[in-house]
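Residues per chain, in single letters:
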Amino acid sequence: MNVRATKDSFTRAIVNILAKRAANICSNPECRAITSGPAKEDGRVIMVGEAAHVYGARPGSARYDPLMSSTQRRAITNAVWLCKNCHKIADDDSVNFSPSLLFEWRNIHEKYIMDRLGKTNDILRRRLVEEEISELNRISYTARQILIDRPYAWEYRLTAEVLKCKLNPILLRARSLEKGLYCKPIVRLKKQDAYWWFQERIVEMGNIAPALSGIINSEFQEAWGAPGVAGSPADIIRVCSLFEEACDQILLWEEKVKFTLIPDEFQRLSSFLSGIGTRLIDQVGVVPQKLNDIFDKKRPDGHYEINITIDLPDRWYEKYSIELENISDGMMNSL
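Since the structure is predicted, the reported quantities are computational estimates derived from the model, not experimental observations.

Caption draft 1: Region of the structure containing the overall build of the protein. From N to C terminus, the protein includes 13 helices and six strands. A separation threshold of at least 6 residues defines the contact pool for the protein, and within that pool the share at least 24 residues apart is 72%. Counting only carbon and sulfur atoms, one obtains 52% of the accessible surface of the protein, whose full area is about 18700 Å².

Following this line, the structure appears as structure tokens:
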């Protein structure tokens, strides 16, 4: 199949590696056609195999994902080796030939080839990788393929993909909350409990912020490993789960503020809290994209920093504290 080259087309080097990994056999387990052979002329070969994109290379193509970067689209982790017929069939019917199915084709096929090669150590290594990717099967096929292929800087690419998959539901729910698209049972706050309720909300947010800071500034660094040392897939997944849990707690905090019926005397104080949680989620939710932005460059090296600014409204804490103090004084004077 002749396809016009785009900036997201696979390089010749990736095509060659993919073909060799597939032993020049179509990865569709129901096909497995040989994709290269001798031509009539001496010294020439016939090639009927192609590197197919799992997620399409350009808008309008099969399984195109607009959220992917160019680097992700043209990476070997987004490729599967197919004969021309299977490539066309898969691209003509992206509903029945989903990304997950194509990833499975490649995974099953490479295990099939490895078994035919019969190299014991390679088979054992594959089994070890299968153990490592078992948890990723529930998260993302792309993440699983990153761990199998282990491209340059795979630790960071894996982190970005796992974080994206874990945070997307939280980000979508936060936006739905902002738009008022769902509700929870209302909790009525008694006037005598209100002052301490507001204090507890600040303490809770004060605990979440340093937890996020520690995850970003320390835990990820350890999971990625020291320079020149391979990272730990299990630790990367564990830290991503911690990050997800912190973001989930922020959303629960915002829901608590949203669905608590506040006494009239505390309405102004309540306005200071509303929207702070969703604002924070939006700010930390950019971490996966910032990681991908770094590795959209060709083999970046050197030192990089990802700066996440927790941006509250101007003089927010000062104004909040003054309002809380005024309420406290008013309560004391009424006794």
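From this point, the discussion proceeds with the structure in view.
Caption draft 2: Molecular detail of the pattern of salt bridges. For the coordinates displayed, the defined rule picks out 19 salt bridges. When the shortest N-O distance is used, the salt bridge between R201 and E200 registers 3.8 Å. Because the salt bridges share partners, they merge into one network encompassing R21, R106, E110 and D149.

Caption draft 3: Structural view of empty space enclosed by the protein. Counted according to the given criterion, the structure contains one cavity of 30 Å³ or more. Considered as a void within the structure, the largest cavity measures approximately 40 Å³ in volume. Taken together, L18, R21, A22, S27, W81, R106, H109 and E110 make up the lining of the largest cavity. A total of three residues in the lining of the largest cavity trace back to one element, the largest contributor, which is helix α4 (residues 99–117). Considered class by class, the residues forming the lining of the largest cavity number three nonpolar, two polar and three charged.

Caption draft 4: Spatial organisation of the side chain of K166. Inspection of the secondary structure puts K166 in helix α7 (residues 154–178). Overall, the relative accessible area of 13% leaves K166 in the buried class. Ignoring anything within four residues of it in the chain, the contact list for K166 reads I139, C240, S241 and E244.

Caption draft 5: Representation of the packing of aromatic side chains. Applying the stated criterion across every chain, the model contains ten aromatic pairs. Considering the side-chain rings of F220 and F243, the 6.2 Å spacing of their centres and the 45° angle between planes classify their relative orientation as tilted. With a gap of 23 residues between them, F220 in helix α8 (residues 191–224) and F243 in helix α9 (residues 233–258) connect regions that are remote in the sequence. The two residues F220 and F243 agree in class, both being buried. In this arrangement the basic side chain of R173 is found over the ring face of Y182, its NZ or CZ atom lying 4.0 Å from the centre. Here the basic side chain of R201 rests over the ring of W197, its NZ or CZ set 4.8 Å away from the ring centre.

Caption draft 6: Seen up close, unusual backbone geometry. In the Ramachandran plot, R150 falls in the positive-phi region, its phi being about 50° despite a non-glycine side chain. Relative to the helices and strands, R150 resides in the loop between α6 (141–149) and α7. For A153, which is not glycine, the phi dihedral falls at a positive 60°. Turning to its location among the elements, A153 is positioned in the loop between α6 and α7. A153 sits in the buried class, given a relative accessible area of 13%.

Caption draft 7: Seen up close, α4. Under the 1.5 Å per step criterion, the end-to-end length of α4 is 27 Å for 19 residues, consistent within 8% with the ideal 27 Å. All of the buried residues in α4 are P99, L102, F103, W105, R106, N107, H109, E110 and I113.

Caption draft 8: The arrangement of the nonpolar core in detail. Membership of the largest hydrophobic core comes to 59 residues, with the highest contact counts inside it found for L136, L158, F198, F220, F243, L273 and Y320. Breaking this core down by element, the ones donating at least two residues are α6, α7, α8, α9, α10 (267–273), α11 (276–284), α12 (287–294) and α13 (316–333). Among the elements that line this core, the one with the most residues is α8, at 13 residues. If sequence neighbours within four positions are ignored, F243 has contacts with L163, L167, L212, I215, I216, F220, V284 and V287. Counting residues in hydrophobic clusters, the runner-up holds 14 residues, among them C26, L82, A90 and F97.

Rules used throughout
- Throughout, residues of each chain are indexed from 1 in the direction in which the sequence is written.
- Only residues with pLDDT of 70 or above have their local features reported here, since the model is predicted, and side-chain atom pairs are shown and tallied only from 80 upward, although totals for entire chains, interfaces and linings are computed over all residues.
- Side-chain calculation: all heavy atoms of the structure are included, whereas hydrogens and water are not.
- The secondary structure listing takes helices from DSSP runs of H or I that are at least 4 residues long and strands from runs of E that are at least 2 residues long, numbered from the N terminus.
- The criterion used for residue contact is that any of the two residues' heavy atoms lie within 4.5 Å.
- Computed with a 1.4 Å probe, the accessible areas rest on the Shrake-Rupley method; for each residue, only the protein chains presented here act as cover.
- A side-chain nitrogen of Lys or Arg and a carboxyl oxygen of Asp or Glu constitute a salt bridge if their distance falls within 4 Å.
- Of the grid points, spaced at 1 Å and generated over the protein atoms alone, those admitting a 1.4 Å probe that cannot get out make up cavities, while open sets with protein on both sides within 12 Å along at least five of seven lines make up pockets; any residue with an atom within 4 Å of a point is treated as lining.
- Grid points are joined across faces, edges and corners, and a volume is the space filled by probe spheres set on the points.
- Nonpolar residues are Ala, Val, Leu, Ile, Met, Phe, Trp, Tyr, Cys and Pro. Charged residues are Asp, Glu, Lys and Arg, and all others, Gly as well, are polar.
- Summary of the burial criterion: residues with accessible area below 20% of their type's maximum are buried, those above 50% are exposed, and those between are partly exposed, where the area comes from a 1.4 Å probe applied to protein chains only.
- Aromatic pairing here means that ring centres of Phe, Tyr or Trp (its six-membered ring) are within 6.5 Å. Orientation follows from the plane angle: under 30 degrees is stacked, over 60 is edge-to-face, and everything else is tilted.
- Two thresholds decide whether a charge sits over a ring: the Lys NZ or Arg CZ must be within 6 Å of the ring centre and within 35 degrees of the ring normal.
- In a helix, the anticipated span is given by 1.5 Å times the number of residues less one.
- Buried residues of nine kinds, namely Ala, Val, Leu, Ile, Met, Phe, Trp, Tyr and Cys, make up a nonpolar core once their side-chain atoms join them within 4.5 Å.

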